[in-house]
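Descriptive structure summary
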Protein chains: 2
Amino acid sequence: MQEKSGNIMDFSTNLKEVWRMLNEEERELLRANAAIQHYKKNQQIYAEGDEPTHLMCLLKGKVKIYKEGVGGRSQIIRMIKPIQYFAYRAYFAREHYLTDAAAFEASTVCLIPMKTVRQIMKNNYNICKFFIRQLSIDLGIADERTVNLTQKHIRGRLAESLAFLIDSYGLEEDATINIYLSREDLANLSNMTTSNAIRTLANFVNDKVIALDGRKIKVIDEERLRKISKLG
Amino acid sequence: MQEKSGNIMDFSTNLKEVWRMLNEEERELLRANAAIQHYKKNQQIYAEGDEPTHLMCLLKGKVKIYKEGVGGRSQIIRMIKPIQYFAYRAYFAREHYLTDAAAFEASTVCLIPMKTVRQIMKNNYNICKFFIRQLSIDLGIADERTVNLTQKHIRGRLAESLAFLIDSYGLEEDATINIYLSREDLANLSNMTTSNAIRTLANFVNDKVIALDGRKIKVIDEERLRKISKLG
DNA sequence: ATAGAATCATGTTTTAAAGCACAAAAGTAC
DNA sequence: GTACTTTTGTGCTTTAAAACATGATTCTAT
C-alpha cells in the first residue's frame, strides 16, 4: 500500500502495536471516530492550559513536548517519534495540559477522542496495561532526566542530548543523526543557553567526537560521546 | 479501633481509597497476601537496581524517593506520605528500580505482591484507572519539577521545596512545617549544596518569611514564600 | 536580486552558585 | 561525663555558566 497520509488507511496500518490488541468491534469504533490532522513545521499542536480531549498518535514527522519556564526560557521535556502516542497524560490526571507541543517538521497526527479511548479501555485490559506501561516508562525517563539536567555539567548534558537523539531517531548510513535541530532547540533540550550549545558543539568538533555541517551532526566517536554523557 | 501497627487490621482500615474499589473476593486475596513491614529511621526500603516485586503502601511515617547522582550528590525525586502507594513504577515499566527509597522516620509499610496486584487489575478496571491516574499525576509533577529545578534560582528552588513540604505534610497549629529535615536533605530536595541551603534559609529568616528553631521551620509569611517560589 | 530577519559564531564581562576551610553546636556512644 | 561524630553556621575563593556585545552567515520574502 502506498504511503499517502490523510487516508484513514494509514491509521489502521500504522497503529499496529495497539491495533493488534483490539477486536473487530473496537477497531470499528476507532475507524468511526479517529481523525487525521496535518501540522506544518513549527506549528503548535496544543498549548499549556488547553483542555485535553484527544489521544494523539504521531504517524509521520517529529514533535517536541516542551514547557515555557521563567524568563522566556523553554525546556524540551520529551520528543515524539512516529507511531508514538502522546497528549494523554493530562486527561488521565484530570488536568489541563501542563506542557506545549509543536511539530519540529511537517507532521501527521491521528486524533482519537478520549471518550472513545475510555470506552475501549473499559473492556480491554491490554489497552490499560499499554498506558500503564508507557506512563511508567516516561516517569522513569523524567526522573533520570531531572538528575541529569541538574547535576551534569554542560558537556555532559549536551552529550546526553545527542545520545538521546541518536537513540530516538537513529543514524543515517554516514553516521549523521537523523534529525536536524537548531542550536536553540539543542540548547533547550540540554538546559543551557544557545551560545553555550554552540560553543560546546564546537568543542566536540575539536575533540573529534562529532563533525558539523550546518545542522547536520555526524557522529565520529559514539563511544566517547556516551562516555562524556555518562561521566557528566 | 486502636492504632496498633503490625496488626493486619490497620491495613484494611487504612487502605480505604483502594479498598472501596474491591469486592469481597478481591479483599480476601489481599488479606491473604499482604504483609506489614516496619522500617527504622533512615533505613533503606529499596535500592536502585533491585527487582521490584511488591506494591508498597506507606501506612505510617515519611519516605523519600531519591537518586544518587554524579559525585555522591543525591537528589530527592519525591516524598511519600501515609496512605500513599509507591514502588510500582519500575514493575509496570518492566525495569529494575531506578531510584532508592528510605524512611525519613520510623515507618510502616504494607507490601502486596505484584502478582496479586495484577490478578486484581485484570478484572477490576477501577484499579487500573487508579494506577493510570497516579502515574499521570506523578509524571506531571516530574515535568514541572524538571523545569523548576533547572531554571529557578536558589531562593526560588528552596521556597518551592518549603511550599511543597507544607502541601505534603501540612502545618501544625503554630505554623511549623510538619516534617523535620536535615539541612542536607533540604538541599537534596532543592538541588543545591548544604551550605547554600543553610545560607538561603538564613536569608528567609532575615526577610521574616520563616523562623527557625533547629530543624523546626515556622512559616511566618506563606504568601511571600509562595511568591518567591513562583517568581523563581 | 536585495533587504530584513533569523541563526550561528566568538570574544569579553559578570554573576550565581559551588567549593573549601574552619568553628560552633548538637547528637551519639562508651 | 568525656570523647567522637555529625550537623550547622559563616566567611572567603574559585569557577562554571549566563549575560552581553558584535559580526558573519544563512534563510526568507518580496
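Residues numbered from 1 in each chain as written. Chains lettered and ligands numbered in written order. Predicted model: local features only at pLDDT ≥ 70, side-chain atom pairs only at ≥ 80, totals over all residues. Heavy atoms only, no water.

Observations regarding the pattern of salt bridges
This structure, assessed with the given rule, holds 24 salt bridges over all chains. Here B:Asp143 makes a salt bridge to A:Arg78, at a shortest N to O gap of 2.8 Å. One end of the pair, B:Asp143, is in helix H6 (residues 125–151); the other, A:Arg78, is in strand S5 (residues 74–80), on a second chain. Of the residues examined, A:Arg78 reaches a relative accessible area of 18% and is grouped as buried. The salt bridge partner of A:Glu160 is A:Lys152, with a shortest N-O separation of 2.6 Å. Given a relative accessible area of 8%, A:Lys152 falls into the buried group. Members of the salt-bridge network, linked through shared partners, are A:Glu24, A:Glu28 and A:Arg31. (Salt bridge = Lys/Arg side-chain N within 4 Å of Asp/Glu carboxyl O. Helix = DSSP H or I, 4+ residues; strand = E, 2+ residues; numbered from the N terminus. Buried < 20%, exposed > 50% of the residue type's maximum accessible area, 1.4 Å probe, protein only.)

Topic: the packing of aromatic side chains
Residue and element names in this part refer to chain A. The final tally for this structure, using the stated rule, is 14 aromatic pairs over all chains. Their ring planes at 70° and their centres at 6.0 Å tell us that Tyr-91 and Phe-92 sit as a pair that is edge-to-face. Using a relative accessible area of 8% as the deciding quantity, one classes Phe-92 as buried. Feature note: the residues Tyr-85, Tyr-88, Tyr-91, Phe-92, Phe-130 and Phe-131 constitute an aromatic cluster, connected by ring pairs. (Phe/Tyr/Trp six-rings, centres within 6.5 Å; stacked < 30°, edge-to-face > 60°.)

What about the protein's contact with DNA strand C?
Taken together, 15 residues surround DNA strand C, and among them A:Arg183, A:Arg215, B:His153, B:Ile154 and B:Asn196 come closest. Counting only the atoms of DNA strand C within 4 Å of the protein, the fraction contributed by sugar and phosphate is 72%. Measuring from a phosphate oxygen of DNA strand C, one finds a side-chain N or O atom of A:Arg183 at 2.8 Å. Residue B:Asn196 places a side-chain N or O atom 2.3 Å away from a phosphate oxygen belonging to DNA strand C. Of all the secondary structure elements, the ones that give two or more residues to the surface near DNA strand C are helix H9 (194–206) of chain A together with helix H7 (154–169) and helix H9 (194–206) of chain B. Of the residues assigned to the surface near DNA strand C, the class counts are 3 nonpolar, 7 polar and 5 charged. (Near = heavy atom within 4 Å. Polar contact = N/O pair within 3.5 Å; in protein donor to acceptor, adjacent residues only side chain to side chain. Nonpolar A, V, L, I, M, F, W, Y, C, P; charged D, E, K, R; others polar.)

Some remarks on the nonpolar core
Residues A:Met121, A:Phe131, B:Met121 and B:Phe131 are the most contacted members of the largest nonpolar core, which totals 54 residues. Sequence-distant contacts of B:Phe131, that is, excluding residues within four places in its chain, are made with A:Ile132, B:Leu55, B:Tyr88, B:Phe92, B:Val117 and B:Met121. (Core = buried A, V, L, I, M, F, W, Y, C linked by side-chain atoms within 4.5 Å. Contact = heavy atoms within 4.5 Å.)

As for the interface of chain B and chain A
Contact with chain B, which involves 41 residues of that partner, is made by 41 residues of chain A. Both faces considered, chain B and chain A share a buried interface measuring about 4,000 Å² in area, 64% of it formed by carbon and sulfur atoms. Counting across the chain B and chain A interface gives 4 salt bridges. The interface formed by chain B and chain A contains 11 residue pairs in polar contact (both at pLDDT 80 or more). By residue number, the principal contributor to the side of chain B that touches chain A is H6(B), which donates 20 residues. Grouping the constituent residues of the side of chain B that touches chain A by class yields 17 nonpolar, 10 polar and 14 charged. (Buried area = accessible area lost by both parts, 1.4 Å probe.)

Looking at the protein's contact with DNA strand D
DNA strand D sits among 14 residues. The nearest are A:His153, A:Ile154, A:Asn196, B:Arg183 and B:Arg215. What you see for DNA strand D is that sugar and phosphate hold 75% of its atoms within 4 Å of the protein. Here a phosphate oxygen of DNA strand D sits 3.1 Å away from a polar atom, N or O, in the main chain of A:Ile154. Within the contact set of DNA strand D, a base nitrogen lies 3.3 Å away from a side-chain nitrogen or oxygen of A:Arg199. Secondary-structure elements contributing two or more residues to the surface near DNA strand D are helix H7 (154–169) and H9 of chain A together with helix H8 (183–190) and H9 of chain B.

Quick notes on the domain arrangement of chain A
Residues and elements named next belong to chain A. Here chain A is partitioned into domain 1 (3–149) and domain 2 (152–231). Each of domain 1 and domain 2 has a C-alpha centre, and these two points are 26 Å apart. The interface of domain 1 with domain 2 comprises 15 residues on the first partner and 17 residues on the second. A buried area of about 1,400 Å², summed over both sides, lies between domain 1 and domain 2, and 49% of it is on carbon and sulfur atoms. Per-residue buried area on domain 1 facing domain 2 is highest for Met-79, Asn-148 and Leu-149; these three make up 36% of the total on that side. For the pair domain 1 and domain 2, the number of links is 1 salt bridge. Linking domain 1 with domain 2 are 12 residue pairs in polar contact (both at pLDDT 80 or more). Of all the secondary structure elements, the ones that give two or more residues to the side of domain 1 that touches domain 2 are strand S4 (63–68), S5 and helix H6 (125–151). The element that contributes the greatest number of residues to the side of domain 1 that touches domain 2 is S5, accounting for 5 residues. Tallied by class, residues from the side of domain 1 that touches domain 2 come to 7 nonpolar, 3 polar and 5 charged. (Domains from an automatic or database assignment.)

Describing the environment of A:Tyr88
Residues and elements named next belong to chain A. In this fold, Tyr-88 is placed in the loop between strand S6 (84–86) and helix H4 (89–93). Assessed through its relative accessible area of 5%, Tyr-88 is described here as buried. For the pair Tyr-88 and Arg-31, spaced 57 residues apart in sequence, the C-alpha separation works out to 19 Å. The contacts of Tyr-88, once residues within four sequence positions are left out, are Leu-55, Met-114, Phe-131, Gln-134, Leu-135 and Asp-138.

Quick word on the packing of helix H5 (residues 114–123) of chain A against H6(A)
Residue and element names in this part refer to chain A. In contact at an axis separation of 5 Å, H5 and H6 are set at 115° when each is read in the N-to-C sense. The orientation of H5 relative to H6 falls into the category roughly perpendicular. On H6, the residues that touch Val-117, Ile-120, Met-121 and Asn-123 of H5 are Tyr-125, Ile-127, Cys-128 and Phe-131. Counted by class, the contact of H5 with H6 contains 7 nonpolar, 1 polar and no charged residues. (Axes fitted to C-alpha atoms, helices over the stretch in contact; angles between N-to-C directions. Parallel < 35°, antiparallel > 145°, perpendicular 65-115°, else oblique.)

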